[in-house]
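One letter stands for each residue in the lines below.
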Amino acid sequence: MSTPDLRCAATIMLVREADKGFEVLLLRRNKDLAFAGGAHVFPGGSVDAGDADPMLLARCVGLTAGEANSRLGVEGALRFYVGALREAFEEAGVLLADRVDIDLDHELRRQRADLVAGATSFRAVIERLNLHLDVGALAYVAHWITPEGAPRRFDTRFFLARVPFDQRATPDRSEIVGEVWISPRQALTNYCHGDFELVLPTVKNLEFLASFRELDSLMRAARSLPVIESIQPRFYRRSDGTVAVALPGSREYQKASRTVLAPGEALPTRPVEQSDGSQPK
């Protein structure tokens, strides 16, 4: 069986101040979707060819193309930032741009509805409203690659951005059917209790967020992270035939080999336990 091509993708963790610390936006995906149906996720998706449109790249502010390339370690890196901002707008109705305010709220919602319906393009929205994309608001924090053997594989860059309180998140009611602003610690608690379905990269990034008590400290740390290492888990088939995910650094990861999921076999979301019963970090 051939290995599917990697699709470039971008995900954005949107955070805001709360009475006690900060909250992160999680979106609930339609249960009928082929990938992560029913799961709570951060806004994100595949990076489209249009995300590299020269007009959109020219309207990026706060970060140069060279700075973006250096940070992500790849040429044309600004397309990942644009893709993250586009996905946040499509899926959650949140747009990080230079002059998004209450006066633009009604028009933005109308344009977003047209975008989700396929009646316009992200480029056309930005051009029509004469906006500039605030890519400088995004901190690059993680890089995950889907294990070999998965039916769909993504090369995903994770970003973090603070959202002004005057922007209200609303699901697109197509791919996204619900939303919640929640503390990272509470999200992880819900996951452990079986109340939230999460995919593995979401869990590990929530753990990173939960290691901070207040938003300013989180943002400072995110912007001062050293070189971001790629994380590519491996599928690991247990002796009973079930498949789990082995994370880099675990003993199981060293033993794991390329494991192809059988047709219809569920994509595992939790990491395989260490021999001592603990979860690999």
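Residues numbered from 1 in each chain as written. Predicted model: local features only at pLDDT ≥ 70, side-chain atom pairs only at ≥ 80, totals over all residues. Heavy atoms only, no water.

Student: Any chance you could explain unusual backbone geometry here in plain terms?
Tutor: Of all residues except glycine, most have a negative phi; of all peptide bonds, most are trans. The phi angle at Asn130 is positive, at roughly 55 degrees, despite the residue not being glycine. Along the chain, Asn130 turns up in the loop between α5 (122-128) and β6 (133-134). (Helix = DSSP H or I, 4+ residues; strand = E, 2+ residues; numbered from the N terminus.)

Student: Would you explain the pattern of salt bridges in this entry?
Tutor: Side-chain pairing between opposite charges can occur once the charged atoms of the two side chains come close. Overall, the coordinates contain 14 salt bridges when judged by the stated rule. A salt bridge links Arg86 to Glu90, with the nearest nitrogen and oxygen atoms 3.2 Å apart. Taken together, the residues span about one helical turn, with Arg86 and Glu90 both in helix α3 (residues 78-92) at a distance of four residues. Between Arg110 and Asp114 there is a salt bridge, with the nearest N and O atoms lying 3.8 Å from each other. Of this pair, Arg110 and Asp114 both sit in helix α4 (residues 105-116), four residues apart, which is roughly one turn of the helix. Accessibility expressed as a relative area gives 41% for Arg110, which makes it partly exposed. (Salt bridge = Lys/Arg side-chain N within 4 Å of Asp/Glu carboxyl O. Buried < 20%, exposed > 50% of the residue type's maximum accessible area, 1.4 Å probe, protein only.)

Student: I would appreciate a short explanation of the nonpolar core in the present structure.
Tutor: General note: in soluble globular proteins, nonpolar side chains tend to be found buried as a group. Leu14 and Leu138 are the most contacted members of the largest nonpolar core, which totals 47 residues. Of all the elements, α3 adds the most residues to this core, at nine residues. Once residues within four sequence positions are removed from consideration, Leu138 is found in contact with Ile12, Tyr81, Ala84, Leu85, Leu96, Phe159, Leu160, Ala161 and Arg223. Of all hydrophobic cores here, the second largest spans 34 residues; its members include Leu26, Ala139, Leu200 and Leu209. (Core = buried A, V, L, I, M, F, W, Y, C linked by side-chain atoms within 4.5 Å. Contact = heavy atoms within 4.5 Å.)

Student: Could you clarify how one ought to interpret the confidence of the model for the protein in this entry?
Tutor: Reading predicted coordinates in detail is not appropriate for stretches of low pLDDT. Averaged over every residue, the pLDDT of the protein is 86; residues scoring 70 or more account for 85%. The spread of mean pLDDT over the elements of the protein runs between helix α9 (residues 251-255), the lowest at 79, and strand β5 (residues 60-61), the highest at 98. Counting interchain partners and residues more than four positions distant, the pLDDT-below-50 stretch residues 273-281 has 20 contacts. (pLDDT = per-residue confidence, 0-100.)

Student: What is the right way to read the pairing of strand β1 (residues 6-17) from this model?
Tutor: Strand residues, when the strand is regular, have side chains that alternate between the two faces of the sheet. Judged from the 10 bridges that link them, β1 and strand β8 (residues 153-162) form a sheet pairing that is parallel. Note that in β8 the partner of Ile12 across the bridge is Phe159. The pairing of β1 with strand β4 (residues 44-46) spans three bridges and is classified as antiparallel. Within the sheet, the bridge partner assigned to Ala10 lies in β4 and is Gly45. Taking the residues that link successive antiparallel strands as the turn, the β1-strand β2 (residues 22-29) hairpin has four residues, and the phi of Gly21 there is positive, at about 85 degrees. (Pairing = 2+ DSSP bridges.)

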